[in-house]
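So the chains spell out like this:
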Amino acid sequence: MKIAVFSTKKYDKEFFENYNKDGNVNLTYFEVALKEQTANLTQGFDGICTFVNDKLDKKTLETIHSNGIKLILLRCAGFNNVDLKVAEDLGLKIYRVPAYSPHAVAEHALALILTLNRKTHKAYNRVREGNFSLERLRGFDLYKKTVGVIGTGKIGSAFCSIMLGMGCKILAHDAYENEDLKEKGVVYVSKNELLEQSDIVSLHCPLTDDTFHLMNEESIQKLKKGAMVINTSRGALINTLDILEALKDGRVGYLGIDVYEQEEKLFFNDLSESIIKDDTIMRLISFPNVLITSHQGFFTNEALKQITNVTLSNIQTYLNGTSTENEVSYSLMHKA
Ligand code: NAI
């Protein structure tokens, strides 16, 4: 089985080499992302392995299919970057890693909150320069604050548990109410109630047609003045231009994002010597109350090990012809 691995970083290769020791699978690594312009690299392979910012749109899928690709291995949970309908019509099998470490992402959301609130990143730099002043480092107690969690699946529920541990009141919004969370004290409310009552709103739902620009001018207007917004899910859950305006007028008091609408042109790359042409992200970076990390929520040893092992086992499942809950397809996702 010959697999072309796209968007490969050093750590991806390191983990695959470590866990594919018997060499059952023949992996070839490409640093470039998979997109229409790079799809021809798939000639001579049986399958591809891709990550969050590879673009598996109609044209790319048609090219890889005509090159003989039968199998798509997503080394991530989200599949919003794949045209599932086209993939199904072409007979391409798709597998994902549904959960790698929900705790990794939930803990990163907490890191964003604590950093924005207590400004440890600024304190670190100040103290290194001999500046021991506390001016402008003041934060607030998380204890007894209200945290709104949109999406209480695997990551959202891990995040609820963490924030309950901090002594916060948790309001949640999800079509499926988690009984365990309710027993722990989480209260399910409508999206509007959540937006109106929360000091911190954290997004943990997937990007779908329904959730695209979930945070837009209208929903942002409902937030408490000065609320904190955290997004570790997918960039397009937030209308970036709308939140920029809300940051300027103080409606949003803090923004912590690990994902960004146009991230595929930026994230995972060292652009420190380049001219960044995305004026929106540069404007966001200019705010003292905005913290951006480049999609590192998942990035722990435990998650990388899980991604690697589940991806390798997805290949075996495909070869054995057995069924798995890791399979993704248009029909499976639209089953009543
Ligand atoms: P999950 O599938 O376990 O949970 C998602 C939850 O969102 C479900 O309970 C679902 O009912 C709910 N939901 C769907 N539409 C909703 C809506 N309109 N309003 C409220 N809730 C809604 O997914 P999981 O594993 O918790 O992951 C959540 C998201 O986190 C993923 O879709 C992905 O975009 C993102 N993610 C980010 C990572 C990072 O490194 N920053 C790593 C892994 C995932």
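Residues numbered from 1 in each chain as written. Predicted model: local features only at pLDDT ≥ 70, side-chain atom pairs only at ≥ 80, totals over all residues. Heavy atoms only, no water.

**Q** Any chance you could explain the site of the ligand here in plain terms?
**A** For the ligand, the set of nearby residues contains 22 residues, the closest of which are Lys 154, Ile 155, Asp 174, Thr 232 and Phe 298. At 2.9 Å, a side-chain N or O of Lys 154 approaches an oxygen atom of the ligand. For the ligand, the protein covers 82% of the area, taking 870 Å² as the surface of the free molecule. Along the lines of polarity and charge, the residues of the shell around the ligand split into eight nonpolar, ten polar and four charged. (Near = heavy atom within 4 Å. Polar contact = N/O pair within 3.5 Å; in protein donor to acceptor, adjacent residues only side chain to side chain. Areas by Shrake-Rupley, 256 points an atom, 1.4 Å probe, with all protein chains shown as cover. Nonpolar A, V, L, I, M, F, W, Y, C, P; charged D, E, K, R; others polar.)

**Q** Looking at this structure, I do not really get the domain arrangement of the protein chain. What am I missing?
**A** Interfaces are often sized by the accessible area lost when the parts come together. Structurally, the protein chain comprises domain 1 (2-100 + 301-333) and domain 2 (102-292). Inter-centroid distance (C-alpha atoms) of domain 1 to domain 2 is 30 Å. Taken together, the ten residues of domain 1 in the interface contact eight residues of domain 2. Where domain 1 abuts domain 2, roughly 810 Å² becomes buried across the two surfaces, and 56% of that area is made up of carbon and sulfur atoms. Area buried by domain 1 at its contact with domain 2 is led by Lys 9, Asn 53 and Asn 80, which between them contribute 53% of it. Between the two partners, domain 1 and domain 2, sit zero salt bridges. Linking domain 1 with domain 2 are four residue pairs in polar contact (both at pLDDT 80 or more), by the criterion used here. Classifying every residue of the side of domain 1 that touches domain 2 by side-chain character gives six nonpolar, three polar and one charged. (Domains from an automatic or database assignment. Contact = heavy atoms within 4.5 Å. Buried area = accessible area lost by both parts, 1.4 Å probe. Salt bridge = Lys/Arg side-chain N within 4 Å of Asp/Glu carboxyl O.)

**Q** What is the right way to look at the sheet that holds strand S8 (residues 187-188) in this model?
**A** Across a sheet, paired strands are connected by hydrogen bonds in the backbone, their directions being either parallel or antiparallel. Taken together, the seven strands give an open sheet; going across it, the order is S8-S7-S6-S9-S10-S11-S12, and neighbouring strands pair in parallel fashion. Both outer strands of the open sheet, S8 and strand S12 (290-292), are each paired with one neighbouring strand and no more. Relative to S12, strand S11 (residues 252-257) runs parallel, the two being bridged by three bridges. Counterpart to Ile 257 in the pairing with S12 is Ile 292. (Pairing = 2+ DSSP bridges. Helix = DSSP H or I, 4+ residues; strand = E, 2+ residues; numbered from the N terminus.)

**Q** Any chance you could explain the nonpolar core here in plain terms?
**A** For soluble globular proteins, nonpolar side chains are generally found buried alongside one another. The biggest cluster of nonpolar side chains holds 32 residues, and the ones touching the most others in it are Ile 48, Leu 61, Ile 64, Ile 72, Ile 94 and Tyr 100. At the level of elements, helix H2 (58-66), strand S4 (71-74), helix H3 (84-89) and helix H12 (301-320) are the ones that each hand at least two residues to this core. The element best represented in this core is H12, accounting for four residues. Membership of the second largest hydrophobic core comes to 30 residues, among which are Leu 171, Val 201, Leu 214 and Met 215. (Core = buried A, V, L, I, M, F, W, Y, C linked by side-chain atoms within 4.5 Å. Buried < 20%, exposed > 50% of the residue type's maximum accessible area, 1.4 Å probe, protein only.)

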